[in-house]
Amino acid sequence: MKAISTRRLLRALGAGIVLTATLAAAPASAENLNVMNSGGFTAAYKLLLPKFEAASGDHVDTAWGPSMGRAPEAIPNRLARGESADVVIMVGYALDDLIKAGKVRADSRVDLADSRIGVVVKAGDTVPDVSTPEKLKAALLAAKSVAYSDSASGVYVERELFKKLGITEQMQGKAVMVQKTPVAEKVAAGDYALGLQQVSELLPVKGIAFAGKIPESLQSVTRFAGGVPVSASHPEEGAKLLKYMAAPSVAKDVESTGLDPLTH
């Protein structure tokens, strides 16, 4: 009886050692994080997220929506409804508005990347030259219809770009702000002849031909940034995610999606 009890004790001790080793191997801070992300950083985010999850052990659920606007999916509107988020990634000045409103912690703001505006047409159509202001102007005037987004780049196109090119009146009636749907998808479907949006939102769409970025003298550079809402359940883990996505080590991945990284 004593021998049997000893064997049982050894087996129990062995099982305890295995369980302890298993727990020690698991990430101690693994959490389920909620992130709200806007369109311009989407491609980079999707590329980097699996690597972050593998390195941290955290699992991330993502809600998508524009940085501003009236759409229910817009990040400010999601937060106003009380939807939970540990991180928000969006246009920098829209994030600043949330910080001023007391929705996002000011000390959590992290700059991620810059995005420039580009031009696309449907695959198979003649690709216009947009390399100079004069050539961009000619391309816009020649297009039967033009689409631009309802986010930061579209606001600039509507209020500033057409004015700078002196074609505000000519664009009335044929230039349309597209709600929610990526501009390139509308162009690929043949709904519009030419589209303008941030390059990082154009390149992932199939069925389009990329004409190039608009000239630098006419560019509106959009800074994407992230922050941690004041109501975040996991603020420390959220801050780690933002630090990872802004790290110099991932700059090449960010650049491959059409964004301009801030560090190399």
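Residues numbered from 1 in each chain as written. Predicted model: local features only at pLDDT ≥ 70, side-chain atom pairs only at ≥ 80, totals over all residues. Heavy atoms only, no water.

### Observations regarding the sheet that holds strand 1 (residues 32-37)
Then comes step 1: Pairing is mixed in the open sheet, where 6 strands are placed in the order 2-1-3-10-4-11. Two strands bound the open sheet, and with one partner strand each, they are strand 2 (59-64) and strand 11 (260-261).
Then comes step 2: Along the sheet, helix 4 (residues 92-100) makes contact with strand 3 (87-91) and strand 10 (222-227), crossing strand 3 at roughly 130°. (Pairing = 2+ DSSP bridges. Helix = DSSP H or I, 4+ residues; strand = E, 2+ residues; numbered from the N terminus. Contact = heavy atoms within 4.5 Å. Axes fitted to C-alpha atoms, helices over the stretch in contact; angles between N-to-C directions.)

### Quick look at the confidence of the model for the protein chain
Then comes step 1: Mean pLDDT over the protein chain works out to 89, with 89% of the residues at or above the 70 mark.
Then comes step 2: Every residue in residues 1-6 scores below 50 in pLDDT, and together they form 0 contacts with partners more than four places removed in sequence or on other chains.
Then comes step 3: In the model, residues 12-26 has pLDDT below 50 throughout and makes 0 contacts with residues more than four positions away in sequence or in other chains. (pLDDT = per-residue confidence, 0-100.)

### Things to note about the pairing of strand 8 (residues 194-198)
Then comes step 1: Most of strand 8 sits out of view: 5 of its 5 residues are buried.
Then comes step 2: Pairing geometry for strand 5 (residues 117-122) and strand 8, over 5 bridges, is antiparallel. By the bridge assignment for strand 8, V120 is matched with G195.
Then comes step 3: In this sheet, strand 8 lies alongside strand 6 (residues 146-149) in parallel orientation, the contact comprising 3 bridges. Residue pairing in the sheet places Y148 in a bridge with L196 of strand 8. (Buried < 20%, exposed > 50% of the residue type's maximum accessible area, 1.4 Å probe, protein only.)

### With respect to the side chain of D114
Then comes step 1: With respect to the helices and strands, D114 occurs in strand 4 (residues 110-115).
Then comes step 2: Of note is the side chain of D114, whose polar atom sits 2.3 Å from the side chain of R223. (Polar contact = N/O pair within 3.5 Å; in protein donor to acceptor, adjacent residues only side chain to side chain.)

### Some details on the packing of helix 5 (residues 133-142) against helix 6 (residues 152-165)
Two packed helices can be described by the angle between their axes and the distance between those axes.
Then comes step 1: Close contact between helix 5 and helix 6 brings their axes to 10 Å; oriented N to C, the two are set at 110°. Considering the angle they form, helix 5 stands roughly perpendicular to helix 6. Residues P133, L136, K137 and L140 of helix 5 pack against L161, F162 and L165 of helix 6.
Then comes step 2: Here the residues of the contact of helix 5 with helix 6 are counted per class, giving 6 nonpolar, no polar and 1 charged. (Parallel < 35°, antiparallel > 145°, perpendicular 65-115°, else oblique. Nonpolar A, V, L, I, M, F, W, Y, C, P; charged D, E, K, R; others polar.)

### A word on the environment of F52
Then comes step 1: Considering the arrangement of structural elements, one finds F52 in helix 2 (residues 42-56).
Then comes step 2: By relative accessible area, F52 is classed as buried at 4%.
Then comes step 3: Considering only alpha carbons, one finds F52 and M245, 193 residues apart in sequence, at a separation of 8.4 Å.
Then comes step 4: Each residue touching F52, except ones within four places of it in the same chain, is listed here: L33, G57, D58, V60, E237, K240, L241 and Y244.

### Focus: the pattern of salt bridges
Then comes step 1: The final tally for this structure, using the stated rule, is 13 salt bridges.
Then comes step 2: One salt bridge connects R109 with D96, and the closest N-O pair in it is separated by 2.8 Å. A residue pair is termed long-range when its members are at least 10 positions apart, and R109 in the loop between helix 4 and strand 4 and D96 in helix 4 qualify at 13 residues.
Then comes step 3: Ionic contacts of the salt-bridge type, sharing partners, join the residues D96, R109, D111, D114 and R223 into one network. (Salt bridge = Lys/Arg side-chain N within 4 Å of Asp/Glu carboxyl O.)

### Quick word on helix 10 (residues 235-245)
Then comes step 1: When helix 10 is considered as a whole, its buried residues turn out to be E237, G238, L241, L242 and M245. The buried residues of helix 10 occupy one face: seen down the axis, they fall within an arc of 140°. Away from the buried face of helix 10 by more than 90 degrees, exposed residues E236, K240 and K243 are located. (Arc of directions from axis to C-beta.)

### Brief notes about the nonpolar core
Then comes step 1: The biggest cluster of nonpolar side chains holds 37 residues, and the ones touching the most others in it are F41, Y45, V60, V88, I89, L241 and M245.
Then comes step 2: Elements with a minimum of two residues in this core: strand 1, helix 2, helix 3 (75-80), strand 3, helix 4, strand 4, strand 10 and helix 10.
Then comes step 3: Aside from chain neighbours lying at most four places away, what touches I89 is V35, M36, N37, S38, F41, Y45, I75, L112, A225, G226, L242 and M245. (Core = buried A, V, L, I, M, F, W, Y, C linked by side-chain atoms within 4.5 Å.)

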